[in-house]
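Examining the three-dimensional arrangement
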Amino acid sequence: MITSRKTSFTGKLFFALLVSNLVLVRKLVLSNPICTPGSLHCQVLLSDLFDRAIRISHYIHLLSTEIFEDFDQQYSQGRHLLGNVLNNCHTSTLNTPEDKEQALQLQHNDLLSLVHQLLRSWNQPLQHLTTGAPDHMIKKLKEAEEHTQVLQGGIDRISGRMLTDLDDFYPPWFGPIDAAVPLRESQMFAIYHLLHCFRRDSHKIDNYLKILRCRMVHANNC
């Protein structure tokens, strides 16, 4: 009983810290508006473009984690979900680095293209989530969708500064997975699966951008 209470308290403390961090990052993101396209006063340094992109990518990852943890607590607690199915994200066809060491081996244009591909691959799934997820999550999902679109624009600007051609291919999403669960649970399982994958990919995007900033702005001195 004592262990159970400690676990519950730890979980609540983690969630409270996550929400607090999310509020702080939200303020940082909103306090740095993006330049209007075509503006004559929009000659931003590459370092500033990366800083802005990473603030947004980190915020998206915090949002995705908060949404997933919320859904996980309400839906999957005490259930035995299929781990192999959960790892079968629609972006798994992309040859993404397994860890930081592998990511460091990639050329900067390949790494930036991966970020671009991952972001674009989530356009349709996020639209689906904003219409199929529980009502209390819709606002945060729409916010994640909007920031993902903004980040895509930021990546386009960074690629223009770096004279990098982005790969237009991205993994298509063919709809919710056909999970081996009872029909009445299939919709909730599909949402759980997408939220799991989105959190995983948002973490990759955030890490890749940090590696790129270190390489392109700080000459790997970070």
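What counts, and where the lines are drawn
Residues numbered from 1 in each chain as written. Predicted model: local features only at pLDDT ≥ 70, side-chain atom pairs only at ≥ 80, totals over all residues. Heavy atoms only, no water. UniProt positions renumbered as here; feature names shortened; annotations may be inferred. Helix = DSSP H or I, 4+ residues; strand = E, 2+ residues; numbered from the N terminus. Buried < 20%, exposed > 50% of the residue type's maximum accessible area, 1.4 Å probe, protein only. Contact = heavy atoms within 4.5 Å. Areas by Shrake-Rupley, 256 points an atom, 1.4 Å probe, with all protein chains shown as cover. Disulfide = S-S within 2.5 Å. Axes fitted to C-alpha atoms, helices over the stretch in contact; angles between N-to-C directions. Parallel < 35°, antiparallel > 145°, perpendicular 65-115°, else oblique. Left-handed = near helix turned anticlockwise from the far one by under 90°. Nonpolar A, V, L, I, M, F, W, Y, C, P; charged D, E, K, R; others polar. Phe/Tyr/Trp six-rings, centres within 6.5 Å; stacked < 30°, edge-to-face > 60°. Salt bridge = Lys/Arg side-chain N within 4 Å of Asp/Glu carboxyl O.

Going by an unreviewed UniProt entry, the protein chain carries the name Prolactin 1B and comes from Aquarana catesbeiana. Here the protein chain is described in UniProt, under the heading Subcellular location (unreviewed entry), as follows: "Secreted". Its UniProt record, at the heading Sequence similarities (unreviewed entry), says of the protein chain: "Belongs to the somatotropin/prolactin family."

With that out of the way, let us pick up the overall build of the protein chain. When helices and strands are counted, the protein chain shows eight helices and zero strands. When the helices and strands of the protein chain are placed in sequence order, the string is α-α-α-α-α-α-α-α. Scored against the burial criterion, the 222 residues of the protein chain give a buried share of 42%. Long-range contacts, defined as pairs at least 24 residues apart, comprise 85% of the intrachain contacts of the protein chain with a sequence gap of at least 6. Total accessible area computed for the protein chain in this model is approximately 12700 Å², and 54% of it derives from carbon and sulfur atoms.

Tallied over the entire structure, the rule returns one disulfide. The residue that forms a disulfide with Cys-89 is Cys-197, at a sulfur-sulfur distance of 2.1 Å. A torsion of -90 degrees about the S-S bond marks the disulfide between Cys-89 and Cys-197 as left-handed. Highlighted residues: Cys-89 in the loop between α3 (83–86) and α4 (100–104) and Cys-197 in helix α8 (residues 183–216), separated in sequence by 108 residues. A relative accessible area of 1% places Cys-197 in the buried class.

Each pair of packed helices can be described by the angle between their axes along with the distance between the axes. Contact geometry for helix α5 (residues 108–121) and helix α7 (residues 135–161): axes closest at 10 Å, N-to-C directions at 155 degrees. Our classification of the angle between α5 and α7 gives roughly antiparallel. Relative to α7, α5 is oriented so that their crossing is left-handed. Where α5 approaches α7, its residues Leu-112, Val-115, His-116, Leu-119 and Arg-120 are matched on the opposing element by Thr-148, Leu-151, Gln-152, Ile-155, Asp-156, Ile-158 and Ser-159. Residue composition of the contact of α5 with α7, by class: six nonpolar, four polar and two charged.

As a further point, take the side chain of His-61. Note on placement: His-61 falls in helix α2 (residues 46–76). Setting aside its immediate chain neighbours within four residues, His-61 contacts Arg-199, Ser-202 and His-203.

What follows concerns the packing of aromatic side chains. What the rule picks out here adds up to three aromatic pairs. Here the aromatic rings of Phe-68 and Tyr-192 are separated by 5.2 Å at their centres, their planes lie at 55 degrees, and the arrangement is tilted. Placement of the pair is Phe-68 in helix α2 and Tyr-192 in helix α8, with a sequence separation of 124 residues. Under the relative-accessibility criterion, Phe-68 is labelled buried at 5%. Three or more aromatic residues joined by ring pairs form one cluster here, namely Phe-68, Phe-71 and Tyr-192.

What follows concerns the pattern of salt bridges. Taken as a whole and assessed by the stated rule, the structure comprises six salt bridges. For Arg-213, the salt bridge identified is with Asp-51, shortest N-O distance 2.8 Å. Remark: Asp-51 occurs in helix α2 and Arg-213 occurs in helix α8; sequence separation between them is 162 residues. A relative accessible area of 23% means that Arg-213 is categorised as partly exposed. On the accessibility criterion, Asp-51 (26% relative accessible area) is partly exposed. The salt bridge partner of Glu-66 is Lys-140, with a shortest N-O separation of 2.9 Å.

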